Every structure is written in C-alpha cells, then in structure tokens.
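One-letter residues, chain by chain:
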Amino acid sequence: MSEDDQKNMGVDLGEFLEFYLLDSQEQIEKLGAGLLQLEKEGNNIALINDLFRSAHSLKGASGTMGFTSIVALTHSAEDLLDRLRQGKIEVSMDMIDVLLEVTDRVKAMLGQVEQHEEINIEYQDLVDEMKAILNGEGGNAKTNNQTDIAPSNDKEASEEFQPLDFLLSEEEKTKIVNAQSLGHGIYQVDIKFDPNTLMKAVRAVMVAQRLDGMGSVVKMLPSLEDLENASYEGASLLVYSDESQREIHEEIMDVSEIAEVAVHVYPAVEMRETKLQETKPGAEEAAKAEVAATAAVVTKEEKQPVNKTSQPAMKVSQTTSAPASSGENHQVHTIRVDTARMDNLINLVGEMVITRTRLVQIGLDLKDQYKMDALVNNLNETNVYLGRLMNDLQESVMRLRMVPIGTVFSRFPRLVRDLARKTDKEIELVLKGEDTELDKTVVEVIGDPLMHLIRNSVDHGIEQPQERLAAGKPEIGQITLDAYHEGNHIAILISDDGEGLDLGKIRKKGIEKGLIGEREELADREIANLIFLPGFSTADKVTDISGRGVGMDVVKKALNNLGGMIDIDTRRGQGTTFTIRLPLTLAIIQALLVEVSEEIYAIPLSSVLETLLVNRKEIKMVGNLPMVQLRGNTLPLISLQEKFDLPTPENPGEEVFVVVVGLGDKALGIIVDGLRGQQEIVIKSLGELLNNLPGIAGATILGDGKVTLILDIGSLIQDILVMRKS
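Residues numbered from 1 in each chain as written. Predicted model: local features only at pLDDT ≥ 70, side-chain atom pairs only at ≥ 80, totals over all residues. Heavy atoms only, no water.

Colleague: Describe in detail the overall build of the protein, supporting the description with residues and values.
Modeller: Across its full length, the protein holds 23 helices and 24 strands. Taking all 726 residues of the protein together, the buried fraction comes to 46%. Considering only intrachain contacts with a sequence separation of at least 6, the fraction spanning at least 24 residues in the protein is 72%. Counting only carbon and sulfur atoms, one obtains 49% of the accessible surface of the protein, whose full area is about 37,900 Å². (Helix = DSSP H or I, 4+ residues; strand = E, 2+ residues; numbered from the N terminus. Buried < 20%, exposed > 50% of the residue type's maximum accessible area, 1.4 Å probe, protein only. Contact = heavy atoms within 4.5 Å. Areas by Shrake-Rupley, 256 points an atom, 1.4 Å probe, with all protein chains shown as cover.)

Below, the structure written as structure tokens:
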C-alpha cells in the first residue's frame, strides 16, 4: 500500500508505524524464543498455538500497514504452524531451522521499515522450503493426511468427516471467528452414550464442563431438554481450545457412561458453507433435518480458554481484538514511552537535585549569618521537606530506567544453538535471574560483552561430545548465565562446565608476547586475566567464532566504560566462571566528597568500604607501589595527588586520610587530604573529547556551582593490578 493509497483512504498509517514496529518486534521475539522451546519439547500443542498466534498477529499487522513482503513470509510460516497444530506434520530440525530463518529475515525487513527504506530482502527461498515441508519433502510428514485424533471404537469415526451445521447465530459466529483469529483450535466433538445411560442430559453437562475446563463450548446439539425427553444415542458439541485432540478425547472418556468419543477439526466458519455444499446431498439433508428437529443452545458465559499446562498468557496484538463481555471494563495498566522522553525526564530530575543541593547550601550560609532569623529557619525547614520529596521523586523516576536483564539474556539461546550446531557440540544454556533489574543504559551496553564471553565458552570452554564422555562428563555441555544483586552492584555470572583455561598455555603465550617475565611468579587468577589484553589469543587456528584476540579486549573496555569489573575463576577440567560486577545505575548516586590539594573529587559511596587515618610512617614502598598494613593484610595505596599531578601542599601533615574502596574481592586505599562528607550527585558526561580519561568516570556540579570530577574506581583498581604485575 503506497502513501498515496493511504491518503486516498483517509488514513495516515505513518503515525502508527512506531506502534507497529514495537508490536512486531515483540511478536518476532516471542516466535524466536518459542521455536527454541519447541525444539526441546516437541509437539507441545499449547506452545504451537502460541507460535501460531504470534505469526498470525504479525501477518495481520503487516497487512494493515501494507508490507506485502512480510505478509507473504509470515503467511507461509502461519500455514506451516497451522498444519503442525492440526497434527498433520511433526516437529523436525529442518522445520525449526527454516522458521528461525524466517524470524531473522523478518527482523531484517523490520529494520528496513524502521529506516523508512523499501523492503528489498529476498524471501522466496524460505517460502519454497516451507512449502516443501508441507508437501512432505522435508521434515517428518505423517504418512497419512488425517488429523491426529485419538483412537475411538466408533467405526464411523474412520470414515470421511462431515461437519455438522450447528446453525450458529451471529454472536456465535463472531465468537468462533475471533477464536480462529487468535489461533485457537476449533473442534466438533461427537459423543455416544452407553446404551443403558438413564440421565443423558447430566452426562452431556459433565462433558460440557470438562470441555469448558479445556477451552470454551459454543454450542451443543441436541439441547439438554431434548436429551431428557427423547431417545438420542449421543450429542455433538462445537468447542474451541488450545489442547490437542488426543487430550480432549482422553479428558471426555474419563466421564462415566460415555462409550465413544470422536474429535474432529471443524472447518473455518467462513468456509463451512462451501464445505457442506461439497458433501453428498443426502448427508446434507440429513444433517439439516437433525438440526431442525433438535437445535438448541447450551448457554455458556464466554471465557478465555484454560490452559492446563500453565503456559504464560499471550498478550493480544493491537491489530486483533477479542469480543468484550458486556459490562467488562478493560483497563490499560502499561504505556509505552519513547526513551528520549524518559531520558529528558531523568535529566530534569538531575537538574532539580543539583538545584536542591544549592538551595541547601544557601540556607546553611544564611543560617551562619542570621542565626536567629525566623525566615532563615523556615527556609531550612522547607529545604528539608523538599529534600524528602526529591528523594521520593528521584527513586520513582530511577525505577523507570530499571529494566530486567532478561531482555538481554533472551537473545542468547538462539546464539548458543547456532554456535553449537556449527561446532558439532551438544550445549544447553541455563538462564537464571532474568528478572534482576538494572539501569537501561547498562542493559544497552552489556549485550556485546556477554556475547563475546558466551562465544568464548562455546568455542574454547565446552569440549566435543566424545571428549566429554571420555572425561566422565555428560555428553551435553552446560553454560549458565546468572544475574543477582550484590549490594549496590549487580553481578552477572557466565559459567561453563568445560575443560577450563589452560593457564600453562596462557603463561607461555604471555612470555612470547613480552607481557610477563619468564621468571615472574604470578597467581593463577593473574595469569587468567592476561586473556583480556589486546590481541591476546591462544587459539591454534582462527575461526569465524573466535581466535583473533579481539573479543575479550572489547569485553574489558566496555566494562571499564560502565565502571564495572570482570573476574575469572577457572579450574582445569571442571570449567570457567566469568564474574562481571556493574553499578545498578549511572545517573544519580550517593558519593563521598574528598579534598586533594585544594581540589574536590567525588567517590561513589557504593564502592567505599571504610575510611582510615594513617600515619605517613606506616606507609611502606613494595616495589614501586605504596602499601599499608590493615588488620594483618596488605592494602595497596594510590595517591590522587601523584595520579593527577596535583601540586604538593606546603605543610603536609604527619597523618593522611585513606578511603578504602573495593570492587568484588579487590580493595584499594586512596590517599586524600581531607573528607568533605556524603552528598547526592548527578553524573554528567564529560563529552566526546574528554571521555575515557583514566581514573575519571564523569563530573558533577556541587551546591556552590563548582564542577567536580567523579573517580572511576574500577579503572583505578585495574591500574594498581597492572603496576603490581610490572
């Protein structure tokens, strides 16, 4: 549909483009994740129905927007999933592969739509592959073309199924059409009573109740009254459900005095009249005569199908709608907000925090000059109340930035699957802590470092299946991705049960590159950290997965930019664990202000362990690094005065303040001249020219309007580690 066509119709679909993209990307993510789950679980009918609904919603929305390429591709995928849910074909590796490729192509097409480009991505090859699977040329097509109905003793059930005309009202037709559009299975359930059944209406009600527990009964023939007053041998029910025909059959057979059950897929309502016209005239007249004599409606309240497997409920796409019950009040509990608007709100709150800090400072200055002035006291009281409101506002706004890390984790099951197939390995990815929340900015950046680490675990960590079996391990390797809160930080663990790092090989490569001395003694953890150096790789050959020595360097650099750290714990033959620690938020933090040579610096309070007053005589030089004894342990020190080349004070005191900071299991003492106290600060970027300054994470504005630099604790600790190695 061109823009001119849209305007001629009086509709400007361009204004809906953003909503279309958001909804379509959500549906394609559901498809990708569901397909990976389907590959493990096989013929899970509830999951297949969910996948069908996602494909159907995506097709419908794309058709409304006029994106015919996406419609054609998703229509073929919908056909394949529809045949799958009818039981005519079975889940196969070829099918999963082609459907995953469909999700990739649709993502690429959506990318072109987002850039307002013409969709020019080829897709006919995938359509042909899916048609081949439907025609039995690929996958595991069943030998016959019959639906997967449960076994029945009814001889007539094996004959060609003739759908019964239930004479649906307009309301009932609407109900069925909507159920079809949402991907629910539509079935005609024929039951036959035992010859000695006395209360047939009661048995029919029991069957209807069972079916309502699995879906929803739309109509039953004959009516309950006719069942009581006439000698009918059975009844037929029109239902929609997410359960399979076999499960429906087994559920109804549990009802006593039910002799036979046949469950048939009911044709689409809009095609039913054509289907009936194709049947034999005698059968059609018999069906109409039976309906005319016995038609009645079993009154049921419409309800959503109940899924016994407790699958998560799928959100209804904006392009489809289900009929609302009379009097039902649909409330919107969530809204989508553009990230630019949210970032602007965060910036405004940050400016308010700075302004409040200045007001507090002004109030304190006025109190020093006018201690007994009532207006000054009122100002300070108001500032206290304003501070409480600002804290609540800040906390609420900061929660808007917090997003579950599961949004990042969800992209890795597909990555691991593809890499495992490429390397001929059997690998299971276990995800934990997906609900752990952290700052949106961190989530946006952490994806690439995690991808590099997972690729490294697949290529270098997990062994080939035969090697694992020879070592007494399970054939299937396991990679675990976990996240949890650790104080004011978040910890992310990437662990595998592979062969572990070859520290001897790493040490040898480090000596060859001149990174360490041949006689230098290093702890295992220090040797392992050599893999993060630029260009470092122990791979014997370069592959398209790893081996070029760039991935791990990218990981460390990205984490340093976020103020985070990474640590390695490896055991030969048992596996490796990478532990990443990151700050929860990068916007507004609590900080400790310190003085150094008339300059003021801010240290994130989340990294501060304690403060000490140390005599200069207690500071000893070990190599080129100052140290001090702290409760029997050696604490490395760093002087900000020397680090930033600040002027030396004329009369330095005999004692200095030491701020002990830590990240993970590493600690460092920062030598400062004085402590100014704790304060809430807003982190401001230094801009492109001053970004990535060693030891500096950003800047903030204090209450007196002066700009103060914020220390990057992770970078300082890394500097100390390098100094200790050299």
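Still to come is the rest of the account.
Colleague: Provide a residue-level description of the pairing of strand β11 (residues 489-496), including the pertinent values.
Modeller: Judged by how many residues are buried, β11 sits mostly within the fold: seven of eight residues are covered. Bridge count between strand β10 (residues 477-486) and β11: eight bridges; the pairing is antiparallel. Residue pairing across strands places I479 opposite D496, the latter belonging to β11. Across eight bridges, β11 lies against strand β13 (residues 575-583) in antiparallel orientation. (Pairing = 2+ DSSP bridges.)

Colleague: Tell me what's going on with helix α3 (residues 45-65), and back it up with residues and numbers.
Modeller: Between its first and last C-alpha, α3 extends 30 Å over 21 residues, near the 30 Å set by a 1.5 Å rise per residue. Of all 21 residues in α3, 18 are buried; the element is thus mostly enclosed. (Expected span 1.5 Å × (residues − 1).)

Colleague: Explain the environment of Q124 residue by residue, including any values.
Modeller: Secondary-structure assignment places Q124 in helix α6 (residues 124-134). Separated by 55 residues in the primary sequence, Q124 and S69 have C-alpha atoms spaced 9.5 Å apart.

Colleague: How would you summarise helix α5 (residues 93-114) if you had to cite specific residues and measurements?
Modeller: Here α5 is 22 residues long and its end C-alpha atoms lie 32 Å apart, about the 32 Å a rise of 1.5 Å per residue gives. Backbone geometry just after α5 places H116 at a positive phi near 60 degrees.

Colleague: Describe the pattern of salt bridges, naming the residues involved and giving the relevant values.
Modeller: In total, this model carries 23 salt bridges according to the counting rule given. Where E463 meets K473, a salt bridge forms, and the shortest distance between an N and an O atom there is 2.8 Å. Of the two residues, E463 is situated in the loop between α17 (440-461) and α18 (465-470) and K473 in the loop between α18 and β10; the sequence distance between them amounts to ten residues. The exposure class of E463 is buried, given its relative accessible area of 9%. Taking relative accessible area as the criterion, K473 reaches 15% and is therefore assigned buried. Between D497 and R468 there is a salt bridge whose closest N-O contact spans 3.0 Å. Of this pair, D497 sits in the loop between β11 and α19 (503-512) while R468 sits in helix α18; the two residues are 29 residues apart in sequence, bridging distant segments of the chain. By relative accessible area, D497 is classed as partly exposed at 23%. A cluster of three or more residues bridged by salt bridges with shared partners is formed by E39, D97, D104, R414, R417, D418 and R421. (Salt bridge = Lys/Arg side-chain N within 4 Å of Asp/Glu carboxyl O.)

Colleague: Describe unusual backbone geometry, listing the residues and the values that go with them.
Modeller: Of note, the bond from L221 into P222 is cis; its omega dihedral lies within 30 degrees of zero at -10 degrees. Looking at the secondary structure, you find P222 in the loop between β4 (215-221) and α9 (224-229). In this structure, D424 takes a positive phi of about 60 degrees despite not being glycine. Looking at where D424 falls in the secondary structure, it is placed in the loop between α16 (412-422) and β8 (427-431). With a relative accessible area of 59%, D424 lands in the exposed category. Phi at R631 takes a positive value of approximately 50 degrees, unusual for a residue other than glycine. Inspection of the secondary structure assignment puts R631 in the loop between β18 (625-630) and β19 (633-639).

Colleague: Before we move on, can you summarise the sheet that holds strand β24 (residues 707-711) with the specific residues and values?
Modeller: Spatially, the five strands line up as an open sheet ordered β22-β14-β15-β24-β23, and their pairing is mixed. Since the sheet does not close on itself, it has two edges, and those belong to β22 (674-682) and β23 (696-701), each with one partner. The average angle at which neighbouring strand axes cross in this sheet is 35 degrees, direction not considered. Where strand β14 (residues 588-596) lies against β22, eight bridges are found, and the strand directions are antiparallel. In the sheet register, E595 faces β22, and the bridge partner there is G674. Helix α13 (residues 339-369) rests against β14, β22 and β23 of the sheet, and its axis sits at about 145 degrees to β22. (Axes fitted to C-alpha atoms, helices over the stretch in contact; angles between N-to-C directions.)

Bear in mind that shape data such as this cannot, by itself, settle questions of function.
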